[in-house]
Amino acid sequence: MPDVLMTLLVLKTRQVEQLRLFYQALGIELAEEQHGKGPVHFAGRAGDVVIEIYPLPDDGTQVDPSTRLGFAVQNLAEIVQTLQGIGIKIVTEPRETAWGFQAVVKDPDGRSVELSQR
């Protein structure tokens, strides 16, 4: 069976700036980009994965809050405190679990984001 690696994750939102602030608080450096006449968006890297934040089109498309993401971070407690400071909902405070020191938060669009201490 061949190895498969994720290389791209595109998140679409009506709250581009809020989502940018959220993912930057995790430590993902996001830069503004625009390809040709396409929409202005933000892109950065989490390891080998390019993460892009695009505006949702104005066609009634809804954000899917059922998506769950996971990131390994260096300073979990500090990051959770920063997220609280910008009004992010903390679902599960940082705690030791069977899988390590973890917390679960909601991004501005309501997606669950699992954070694990590296």
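The preceding data block contains the structure.
Asker: Describe in detail the sheet that holds strand 7 (residues 100–106), supporting the description with residues and values.
Answerer: Strand order in the open sheet formed by four strands is 5-8-7-6, with mixed pairing between adjacent strands. Of all strands in the sheet, those with a lone pairing partner are strand 5 (68–73) and strand 6 (90–97), marking the two edges. Strand-to-strand twist in this sheet, taken as the mean axis angle between neighbours without regard to direction, amounts to 15°. Together, strand 5, strand 6, strand 7 and strand 8 (112–117) form the strand contacts of helix 2 (residues 76–85), whose direction differs from that of strand 6 by roughly 170°.

Asker: I'd like to hear about the layout of surface pockets, residue by residue, with values.
Answerer: Each pocket or cavity is described by its volume, and for the largest pocket that value is around 250 Å³. As for the largest pocket, its lining consists of 13 residues, of which L26, G27, A72, V73 and R118 are closest to the centre. At the level of secondary structure, the elements contributing two or more residues to the lining of the largest pocket comprise strand 3 (41–46) and strand 5. A total of three residues in the lining of the largest pocket trace back to one element, the largest contributor, which is strand 5. Here the lining of the largest pocket is built from residues that sort into seven nonpolar, four polar and two charged.

Asker: Tell me about the side chain of E52, and name the residues and values.
Answerer: As for its placement among the helices and strands, E52 is situated in strand 4 (residues 49–55). Buried charge without a salt bridge: E52, with K12 as the nearest opposite-charge side chain at an N-O distance of 8.9 Å. With sequence-adjacent residues up to four places away left out, E52 is seen in contact with L8, L9, V10, L11, E33, H41, F42 and A43.

Asker: For the side chain of R111, give the residues involved together with the corresponding values.
Answerer: Relative to the helices and strands, R111 resides in the loop between strand 7 and strand 8. Separated by 3.2 Å, the side chain of R111 and the backbone oxygen of K12 make a polar contact. Side chain to side chain, R111 and D109 meet in a polar contact 3.3 Å long. Beyond its immediate stretch of four places on either side in the chain, R111 contacts L11, K12, L19, V63, D64, P65, T67, L69, V105 and K106.

Asker: Which residues make up helix 1 (residues 16–25), and what values do they have?
Answerer: V16, L19, R20, F22, Y23 and A25 are the residues of helix 1 that are buried. Directly beyond the C-terminal end of helix 1, a positive phi value near 110° is found at G27.

Asker: Lay out the sheet that holds strand 2 (residues 31–33) with the relevant residues and their values.
Answerer: The mixed open sheet is built from four strands, whose spatial order is 1-4-3-2. Two strands bound the open sheet, and with one partner strand each, they are strand 1 (8–13) and strand 2. Within this sheet the neighbouring strands show an average axis-to-axis angle of 30°, counted without direction. Relative to strand 4, strand 3 is paired through five bridges, and the arrangement is antiparallel. By the bridge assignment for strand 4, G44 is matched with I51. Sheet strands in contact with helix 1 are strand 1, strand 3 and strand 4, and its direction is about 155° off that of strand 4.

Asker: Let's hear about the environment of V73: which residues, and what values?
Answerer: In this structure, V73 sits in strand 5. For V73, a relative accessible area of 3% translates into the label buried.

What counts and how
- Residues numbered from 1 in each chain as written.
- Predicted model: local features only at pLDDT ≥ 70, side-chain atom pairs only at ≥ 80, totals over all residues.
- Heavy atoms only, no water.
- Pairing = 2+ DSSP bridges.
- Helix = DSSP H or I, 4+ residues; strand = E, 2+ residues; numbered from the N terminus.
- Axes fitted to C-alpha atoms, helices over the stretch in contact; angles between N-to-C directions.
- Contact = heavy atoms within 4.5 Å.
- 1 Å grid on protein atoms, 1.4 Å probe; cavity = no way out; pocket = protein on both sides within 12 Å on 5 of 7 lines; lining within 4 Å.
- Points joined across faces, edges and corners; volume = space filled by probe spheres on them.
- Nonpolar A, V, L, I, M, F, W, Y, C, P; charged D, E, K, R; others polar.
- Buried < 20%, exposed > 50% of the residue type's maximum accessible area, 1.4 Å probe, protein only.
- Lys, Arg positive; Asp, Glu negative; His and termini not counted.
- Salt bridge = Lys/Arg side-chain N within 4 Å of Asp/Glu carboxyl O.
- Polar contact = N/O pair within 3.5 Å; in protein donor to acceptor, adjacent residues only side chain to side chain.

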